[in-house]
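Listed here are the chains, written in short residue letters.
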Amino acid sequence: MLWPVSDVSRAEWALFRRAGLAGAAASAAGVGGRFRTWRQDGLLAVLATEPGLAFLSTVSGVTPENVASVGDVLRSSGWDGVRPTVVAPADLSPPGLVAAGERALATRPLDTPPGAVSGVTDADDAFLDVLLAGYQVTGLVADYIRAEHAMPAVHRYHAVEDGTPIAAAAMTIHDDVAVLGGASTLPDHRGRGAQTRLLAHRLRLAAEAGCTLAVATARPGSVSAANLVRAGFTVHRRSAWTGP
């Protein structure tokens with residue numbers, strides 16, 4: 001399949017594939033609502049019909065060539081009444097939509113991966129409990145996160161202190177792009193560099209697996225975004241848009 005070769009386009013495609021796998025896993029686990037991903041006019045649509053998972057419903061892959069088609073995608077009957085968020089480059093304004101904040105997409109070529117780090121191990125059965133305790137979420141969102149990170153395709157890791165897991169982080173690989181998705185630290189252990197170690201460990205393993213690009217998402221201006229910049233990522237600011 002031919003696909004644009006820019007790092008951002010490759011990153012969005014990998015995130016889209018990860019979303020498709022996660023939606024299928026959530027459906028299989030009995031998480032409420034319906035999940036679907038599809039492509040239209042080069043745009044990447046992700047649907048979650050349950051209102052509590054509304055943040056998952058997005059349209060990405062917006063380029064100067066297809067920005068005029070965003071409205072057609074939003075009018076598709078496949079949304080079942082859901083109003084997704086359109087995520088576009090900061091310099092593109094999909095016609096007829098209203099600005100709804102910012103998001104960040106971070107990419108890093110893996111030509112010079114980090115060396116080995118200490119205090120990180122493959123995750124054990126405590127992974128999901130540590131991840132959810134670090135996120136401090138419950139209910140439907142927790143159910144979705146649990147289903148997503150229980151997928152066989154997910155590589156899972158712990159940061160440990162005195163042999164006890166204090167943080168968790170995950171990774172999936174899509175062709176030669178590594179998606180670093182899912183990471184949290186237990187509240188009492190934050191600020192000690194656990195996520196920095198987990199980030200470096202995943203980058204090294206992704207490069208060893210043949211990946212040439214890593215991608216992650218974060219809130220603009222957040223601690224996670226700052227960690228990514230220190231790890232050599234380029235943060236691409238994206239604009240979020242919704243219907244009027």
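Quick caveat: nothing in here was measured; it's all calculated off a predicted structure.

> How do you make sense of the environment of Thr196 when you look at a structure like this?
Tracing the chain through its elements places Thr196 in helix α5 (residues 194–208). Taking the C-alpha atoms as reference, Thr196 lies 15 Å from Arg156; in sequence the two are 40 residues apart.

> Would you mind going over the side chain of Ser60 with me for this structure?
In this fold, Ser60 is placed in strand β3 (residues 58–60). Setting aside residues no more than four positions away along its own chain, Ser60 makes contact with Glu12, Leu43, Leu44 and Val87.

> Mind showing me how you'd approach the packing of helix α1 (residues 7–28) against helix α4 (residues 139–149) here?
Any two packed helices are characterised by the angle at which their axes cross and by the distance between the axes. Contact pair α1 / α4: the axes reach a minimum separation of 8 Å and the direction vectors enclose 110°. The angle between α1 and α4 places the two elements in the roughly perpendicular class. Considering the relative orientation of α1 and α4, their crossing is right-handed. Every residue of α4 that contacts α1 at Arg18, Ala22, Gly23, Ala25 and Ala26 is listed here: Tyr144, Ala147, Glu148 and His149.

> Explanation requested: the nonpolar core in the structure shown.
Side chains of a nonpolar character, in soluble globular proteins, are inclined to be buried together. With 24 residues, the main nonpolar core has Leu180, Leu198, Leu199, Leu203, Leu228 and Phe233 as its most contacted residues. Those elements giving two or more residues to this core turn out to be β7 (155–161), β8 (164–174), α5, β11 (213–218) and α6 (223–230). Among all residues touching Leu198, those that are not within four sequence positions of it are Val120, Tyr157, His158, Ala159, Ala167, Ala168 and Ala169. Membership of the second largest hydrophobic core comes to 16 residues, among which are Val67, Val82, Ala88 and Trp241.

> Hey, could you run me through the packing of aromatic side chains in this one?
The description of an aromatic ring pair rests on the distance of the ring centres and on the angle between the ring planes. Taken as a whole, this structure holds 3 aromatic pairs when the rule is applied. Residues Trp13 and Phe16 carry aromatic rings whose centres are separated by 5.5 Å and whose planes lie at 25° to one another, so their mutual orientation is stacked. You can see Trp13 and its partner Phe16 sitting in helix α1, 3 residues apart, about one turn around the helix. Classification of Phe16 by relative accessible area gives buried; the value is 9%. Here Arg36 stacks its cationic end above the ring of Trp38, 4.0 Å away from the centre of that ring.

Procedures and definitions
Residues numbered from 1 in each chain as written. Predicted model: local features only at pLDDT ≥ 70, side-chain atom pairs only at ≥ 80, totals over all residues. Heavy atoms only, no water. Helix = DSSP H or I, 4+ residues; strand = E, 2+ residues; numbered from the N terminus. Contact = heavy atoms within 4.5 Å. Axes fitted to C-alpha atoms, helices over the stretch in contact; angles between N-to-C directions. Parallel < 35°, antiparallel > 145°, perpendicular 65-115°, else oblique. Left-handed = near helix turned anticlockwise from the far one by under 90°. Core = buried A, V, L, I, M, F, W, Y, C linked by side-chain atoms within 4.5 Å. Buried < 20%, exposed > 50% of the residue type's maximum accessible area, 1.4 Å probe, protein only. Phe/Tyr/Trp six-rings, centres within 6.5 Å; stacked < 30°, edge-to-face > 60°. Lys NZ or Arg CZ within 6 Å of the ring centre and 35° of its normal.

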